[in-house]
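The primary structure of each chain is shown beneath.
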Amino acid sequence: MSAQTQIRRKTVKDIAKAKGGDPLVCLTAYDAQVASLLDPHCDILLVGDSVGMVVHGLSSTVGVTLEMMILHGQAVMRGSSQAFVVVDMPFGSYETNSDQAFLNAARIMQETGCQAVKIESGTYAATQIAHLVERGIPVMGHVGLRPQAINVDGGFRAKGRTTGEWDRAIQEAVAADRAGAFAIVVEGVAPNLADEITAAVECPTIGIGASAGCDGQILVTNDLLGMTDWVPKFVKKNADLKTVIGEATETYANEVRSRAFPGEAQTYKVRKSADS
Ligand code: KIV
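These lines cover the structure that appears in this document, whether it is placed above or below. (Residues numbered from 1 in each chain as written. Predicted model: local features only at pLDDT ≥ 70, side-chain atom pairs only at ≥ 80, totals over all residues. Heavy atoms only, no water.)

1. What to know about the pattern of salt bridges
Any two side chains of opposite charge can pair, so long as their charged atoms come close to each other. Test applied: Salt bridges are defined as contacts in which a side-chain nitrogen from Lys or Arg sits within 4 Å of a carboxyl oxygen from Asp or Glu. To sort residues, take the accessible area from a 1.4 Å probe on protein chains only and compare it with the maximum for the residue type: under 20% means buried, over 50% means exposed, and anything in between is partly exposed.
As enumerated under the stated definition, the model contains 12 salt bridges in all. For Asp 14, the salt bridge goes to Arg 8, with nearest N and O atoms at 3.1 Å. For Arg 8, a relative accessible area of 52% gives the class exposed.

2. With respect to the packing of aromatic side chains
We count it as follows: A pair of Phe, Tyr and Trp rings is counted when the ring centres sit within 6.5 Å of each other, with Trp represented by its six-membered ring. The angle between the planes then sorts it: under 30 degrees is stacked, over 60 is edge-to-face, the rest tilted. Numbered from the N terminus, helices here are DSSP runs of H or I no shorter than four residues, and strands are runs of E no shorter than two.
Applying the stated rule across the entire model yields two aromatic pairs. Aromatic side chains Phe 84 and Phe 182 sit 5.4 Å apart centroid to centroid with 70 degrees between the ring planes, which places their arrangement in the edge-to-face category. Remark: Phe 182 occurs in the loop between helix H8 (163–179) and strand E6 (183–187) and Phe 84 occurs in strand E3 (residues 84–88); sequence separation between them is 98 residues. Both residues of the pair, Phe 84 and Phe 182, count as buried. Arranged with centres 5.7 Å apart and planes meeting at 65 degrees, the rings of Tyr 252 and Phe 261 form a pair that is edge-to-face. Relative accessible area serves as the criterion here: at 33%, Phe 261 is assigned to the partly exposed category.

Encoded structure:
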(Lines give C-alpha, C1' and ligand atoms only; values in the text may rest on other atoms or scores of the structure.)
Protein backbone atom coordinates (compact mmCIF):
# COMPACT_ATOMS: atom_id res chain seq x y z
CA MET A 1 0.00 0.00 0.00
CA SER A 2 1.48 3.39 -0.95
CA ALA A 3 1.77 6.24 1.55
CA GLN A 4 -1.04 8.06 -0.34
CA THR A 5 -3.56 5.21 -0.10
CA GLN A 6 -2.72 4.20 3.46
CA ILE A 7 -5.77 4.45 5.74
CA ARG A 8 -5.16 7.05 8.41
CA ARG A 9 -6.73 7.11 11.81
CA LYS A 10 -9.22 9.91 12.41
CA THR A 11 -7.93 12.70 14.60
CA VAL A 12 -9.48 14.99 17.17
CA LYS A 13 -9.70 17.65 14.43
CA ASP A 14 -11.89 15.35 12.29
CA ILE A 15 -14.20 14.81 15.27
CA ALA A 16 -14.40 18.52 16.18
CA LYS A 17 -15.26 19.39 12.55
CA ALA A 18 -18.45 17.32 12.83
CA LYS A 19 -20.22 20.01 14.88
CA GLY A 20 -23.46 20.79 13.04
CA GLY A 21 -22.49 18.51 10.13
CA ASP A 22 -22.99 14.84 9.29
CA PRO A 23 -23.66 12.87 12.50
CA LEU A 24 -20.71 11.04 14.05
CA VAL A 25 -21.15 7.25 14.15
CA CYS A 26 -19.87 5.85 17.44
CA LEU A 27 -20.04 2.43 19.12
CA THR A 28 -18.41 0.76 22.08
CA ALA A 29 -15.75 -1.91 21.52
CA TYR A 30 -13.93 -4.08 24.02
CA ASP A 31 -11.90 -6.60 22.00
CA ALA A 32 -9.79 -6.74 18.83
CA GLN A 33 -12.07 -9.02 16.79
CA VAL A 34 -15.25 -6.97 17.22
CA ALA A 35 -13.28 -3.72 16.88
CA SER A 36 -12.06 -4.86 13.44
CA LEU A 37 -15.68 -5.47 12.34
CA LEU A 38 -16.92 -2.09 13.59
CA ASP A 39 -13.88 -0.04 12.52
CA PRO A 40 -14.79 0.49 8.82
CA HIS A 41 -18.19 1.93 9.78
CA CYS A 42 -17.40 4.08 12.80
CA ASP A 43 -15.90 7.51 13.40
CA ILE A 44 -15.29 6.74 17.09
CA LEU A 45 -14.80 3.47 18.96
CA LEU A 46 -15.28 3.94 22.69
CA VAL A 47 -13.69 1.46 25.05
CA GLY A 48 -16.45 2.17 27.54
CA ASP A 49 -16.32 1.19 31.18
CA SER A 50 -19.59 -0.58 30.30
CA VAL A 51 -17.06 -3.38 29.64
CA GLY A 52 -17.43 -4.15 33.35
CA MET A 53 -21.13 -5.00 32.92
CA VAL A 54 -21.10 -6.33 29.37
CA VAL A 55 -17.94 -8.47 29.42
CA HIS A 56 -17.14 -9.01 33.10
CA GLY A 57 -20.68 -9.45 34.46
CA LEU A 58 -20.52 -6.65 37.06
CA SER A 59 -23.79 -5.06 38.17
CA SER A 60 -22.50 -1.51 37.53
CA THR A 61 -19.41 0.26 36.19
CA VAL A 62 -18.23 1.23 39.68
CA GLY A 63 -16.01 -1.86 40.06
CA VAL A 64 -14.10 -1.31 36.81
CA THR A 65 -10.34 -0.79 37.24
CA LEU A 66 -7.67 1.12 35.32
CA GLU A 67 -5.99 -2.20 34.48
CA MET A 68 -9.21 -3.51 32.87
CA MET A 69 -9.54 -0.36 30.76
CA ILE A 70 -5.92 -0.57 29.63
CA LEU A 71 -6.17 -4.25 28.68
CA HIS A 72 -9.34 -3.72 26.61
CA GLY A 73 -7.96 -0.45 25.16
CA GLN A 74 -4.89 -2.29 23.87
CA ALA A 75 -7.06 -4.95 22.22
CA VAL A 76 -9.31 -2.37 20.50
CA MET A 77 -6.29 -0.45 19.22
CA ARG A 78 -4.87 -3.67 17.74
CA GLY A 79 -8.17 -4.47 16.02
CA SER A 80 -8.83 -1.02 14.51
CA SER A 81 -7.00 1.16 12.03
CA GLN A 82 -9.17 4.14 11.09
CA ALA A 83 -11.59 4.98 13.92
CA PHE A 84 -10.71 7.50 16.64
CA VAL A 85 -10.36 5.41 19.81
CA VAL A 86 -11.42 6.81 23.18
CA VAL A 87 -10.85 4.94 26.47
CA ASP A 88 -13.04 5.60 29.53
CA MET A 89 -11.39 6.69 32.76
CA PRO A 90 -12.91 4.37 35.39
CA PHE A 91 -14.53 5.42 38.65
CA GLY A 92 -11.92 6.51 41.20
CA SER A 93 -9.17 7.23 38.65
CA TYR A 94 -9.65 11.00 38.15
CA GLU A 95 -11.97 12.53 40.77
CA THR A 96 -9.44 13.26 43.54
CA ASN A 97 -7.52 16.01 41.79
CA SER A 98 -5.85 17.03 38.53
CA ASP A 99 -2.57 15.26 39.31
CA GLN A 100 -4.34 11.94 39.86
CA ALA A 101 -6.31 12.47 36.64
CA PHE A 102 -3.19 13.29 34.63
CA LEU A 103 -1.11 10.35 35.91
CA ASN A 104 -3.89 7.85 35.16
CA ALA A 105 -4.87 9.40 31.82
CA ALA A 106 -1.22 9.46 30.73
CA ARG A 107 -0.92 5.78 31.65
CA ILE A 108 -3.99 4.96 29.52
CA MET A 109 -2.62 6.97 26.57
CA GLN A 110 0.90 5.49 26.80
CA GLU A 111 -0.05 1.87 27.41
CA THR A 112 -2.91 1.64 24.87
CA GLY A 113 -1.92 4.15 22.18
CA CYS A 114 -5.52 5.46 22.15
CA GLN A 115 -6.31 9.00 20.96
CA ALA A 116 -8.31 10.33 23.92
CA VAL A 117 -9.91 9.56 27.28
CA LYS A 118 -13.48 10.07 28.49
CA ILE A 119 -14.42 11.49 31.90
CA GLU A 120 -17.93 11.45 33.38
CA SER A 121 -18.18 15.13 34.02
CA GLY A 122 -19.88 16.66 36.99
CA THR A 123 -19.13 20.40 36.97
CA TYR A 124 -16.16 19.77 39.34
CA ALA A 125 -14.44 17.78 36.57
CA ALA A 126 -13.89 20.92 34.47
CA THR A 127 -10.67 21.45 36.46
CA GLN A 128 -9.40 17.98 35.54
CA ILE A 129 -10.48 18.36 31.89
CA ALA A 130 -8.62 21.68 31.48
CA HIS A 131 -5.55 20.22 33.21
CA LEU A 132 -5.41 17.20 30.87
CA VAL A 133 -6.11 19.16 27.68
CA GLU A 134 -3.38 21.72 28.52
CA ARG A 135 -0.97 18.80 28.97
CA GLY A 136 -1.77 17.12 25.64
CA ILE A 137 -4.57 14.69 26.44
CA PRO A 138 -7.82 15.13 24.50
CA VAL A 139 -10.86 14.62 26.73
CA MET A 140 -14.43 13.62 25.90
CA GLY A 141 -16.98 14.69 28.54
CA HIS A 142 -20.08 12.73 29.61
CA VAL A 143 -23.14 14.45 31.11
CA GLY A 144 -26.78 13.72 31.98
CA LEU A 145 -27.14 10.15 33.22
CA ARG A 146 -23.67 9.33 34.56
CA PRO A 147 -23.46 5.56 35.22
CA GLN A 148 -20.56 5.98 37.68
CA ALA A 149 -22.91 8.08 39.88
CA ILE A 150 -25.70 5.47 40.20
CA ASN A 151 -25.16 5.09 43.93
CA VAL A 152 -25.97 8.77 44.43
CA ASP A 153 -28.85 8.72 41.94
CA GLY A 154 -30.33 5.46 43.29
CA GLY A 155 -30.13 3.68 39.93
CA PHE A 156 -29.93 4.29 36.18
CA ARG A 157 -32.47 7.12 35.90
CA ALA A 158 -33.01 9.51 32.99
CA LYS A 159 -32.09 13.11 33.93
CA GLY A 160 -33.97 16.37 33.57
CA ARG A 161 -37.06 15.50 35.69
CA THR A 162 -36.72 18.66 37.77
CA THR A 163 -35.59 22.18 36.90
CA GLY A 164 -32.52 21.59 39.06
CA GLU A 165 -31.57 18.40 37.17
CA TRP A 166 -32.28 20.07 33.84
CA ASP A 167 -30.10 23.09 34.60
CA ARG A 168 -27.34 20.91 36.11
CA ALA A 169 -27.04 18.86 32.91
CA ILE A 170 -26.60 22.05 30.90
CA GLN A 171 -24.09 23.44 33.43
CA GLU A 172 -22.08 20.20 33.32
CA ALA A 173 -21.94 20.28 29.52
CA VAL A 174 -21.03 23.96 29.33
CA ALA A 175 -18.32 23.49 31.99
CA ALA A 176 -16.80 20.54 30.08
CA ASP A 177 -16.97 22.47 26.80
CA ARG A 178 -15.35 25.62 28.22
CA ALA A 179 -12.66 23.46 29.86
CA GLY A 180 -11.67 22.16 26.41
CA ALA A 181 -13.52 18.84 25.92
CA PHE A 182 -13.42 17.96 22.20
CA ALA A 183 -16.83 16.21 22.38
CA ILE A 184 -19.45 15.41 25.01
CA VAL A 185 -21.57 12.29 25.46
CA VAL A 186 -25.12 13.26 26.48
CA GLU A 187 -26.85 10.27 28.07
CA GLY A 188 -30.41 9.62 29.25
CA VAL A 189 -32.10 13.00 28.82
CA ALA A 190 -35.24 14.18 26.99
CA PRO A 191 -34.68 15.22 23.35
CA ASN A 192 -35.37 18.91 24.03
CA LEU A 193 -32.79 18.98 26.85
CA ALA A 194 -30.24 17.25 24.58
CA ASP A 195 -30.99 19.81 21.86
CA GLU A 196 -30.53 22.66 24.36
CA ILE A 197 -27.16 21.21 25.37
CA THR A 198 -26.12 20.79 21.73
CA ALA A 199 -26.94 24.44 21.09
CA ALA A 200 -25.14 25.60 24.25
CA VAL A 201 -21.75 23.98 23.55
CA GLU A 202 -19.19 24.52 20.80
CA CYS A 203 -17.99 20.91 20.63
CA PRO A 204 -19.98 18.04 19.10
CA THR A 205 -22.48 16.24 21.33
CA ILE A 206 -22.87 12.47 21.07
CA GLY A 207 -26.27 11.21 22.15
CA ILE A 208 -27.26 7.96 23.85
CA GLY A 209 -30.89 7.96 24.89
CA ALA A 210 -30.92 11.65 23.98
CA SER A 211 -31.89 13.23 20.61
CA ALA A 212 -31.45 12.71 16.86
CA GLY A 213 -30.40 16.38 16.91
CA CYS A 214 -27.10 15.54 18.64
CA ASP A 215 -23.94 15.79 16.52
CA GLY A 216 -23.49 12.00 16.74
CA GLN A 217 -24.91 8.85 18.29
CA ILE A 218 -23.39 6.06 20.37
CA LEU A 219 -24.71 2.71 21.61
CA VAL A 220 -23.30 -0.20 23.53
CA THR A 221 -22.49 -2.60 20.67
CA ASN A 222 -23.78 -5.71 22.47
CA ASP A 223 -27.18 -3.97 22.83
CA LEU A 224 -27.26 -3.04 19.13
CA LEU A 225 -26.44 -6.64 18.19
CA GLY A 226 -29.13 -8.14 20.45
CA MET A 227 -26.83 -10.17 22.71
CA THR A 228 -29.29 -9.88 25.62
CA ASP A 229 -33.07 -10.02 26.06
CA TRP A 230 -33.40 -6.73 27.91
CA VAL A 231 -32.08 -3.48 26.47
CA PRO A 232 -32.77 0.12 27.52
CA LYS A 233 -35.66 1.90 25.72
CA PHE A 234 -33.25 3.97 23.63
CA VAL A 235 -31.67 0.94 21.91
CA LYS A 236 -32.81 -0.23 18.49
CA LYS A 237 -31.62 -3.84 18.13
CA ASN A 238 -30.34 -4.31 14.57
CA ALA A 239 -29.59 -8.02 15.01
CA ASP A 240 -30.54 -10.95 17.22
CA LEU A 241 -27.16 -12.48 18.03
CA LYS A 242 -28.53 -14.04 21.22
CA THR A 243 -30.71 -16.33 19.08
CA VAL A 244 -27.95 -16.91 16.50
CA ILE A 245 -25.44 -17.90 19.21
CA GLY A 246 -27.98 -20.02 21.08
CA GLU A 247 -28.97 -21.94 17.92
CA ALA A 248 -25.37 -22.46 16.77
CA THR A 249 -24.39 -23.74 20.22
CA GLU A 250 -27.41 -26.08 20.41
CA THR A 251 -26.54 -27.54 16.98
CA TYR A 252 -22.92 -28.06 18.12
CA ALA A 253 -24.05 -29.74 21.35
CA ASN A 254 -26.42 -32.10 19.47
CA GLU A 255 -23.74 -33.00 16.91
CA VAL A 256 -21.12 -33.67 19.60
CA ARG A 257 -23.51 -35.85 21.58
CA SER A 258 -24.56 -37.84 18.48
CA ARG A 259 -20.91 -38.11 17.28
CA ALA A 260 -21.90 -36.36 14.02
CA PHE A 261 -19.12 -33.88 14.84
CA PRO A 262 -16.31 -33.93 13.89
CA GLY A 263 -17.21 -35.22 10.40
CA GLU A 264 -14.86 -36.12 7.57
CA ALA A 265 -14.52 -32.47 6.53
CA GLN A 266 -13.22 -31.51 9.98
CA THR A 267 -10.62 -34.27 10.39
CA TYR A 268 -7.02 -34.44 9.08
CA LYS A 269 -6.07 -36.92 6.38
CA VAL A 270 -2.58 -37.85 7.50
CA ARG A 271 -0.90 -40.82 5.82
CA LYS A 272 1.42 -42.71 8.12
CA SER A 273 4.80 -43.69 6.62
CA ALA A 274 7.70 -45.64 8.03
CA ASP A 275 10.10 -43.70 10.28
CA SER A 276 13.16 -42.56 8.28
O1 KIV B 1 -19.23 3.03 29.09
C2 KIV B 1 -19.90 3.24 28.06
O3 KIV B 1 -20.15 2.34 27.25
C4 KIV B 1 -20.36 4.59 27.81
C5 KIV B 1 -21.31 4.80 26.68
C6 KIV B 1 -22.61 4.18 26.99
C7 KIV B 1 -21.43 6.21 26.29
O8 KIV B 1 -20.01 5.48 28.51
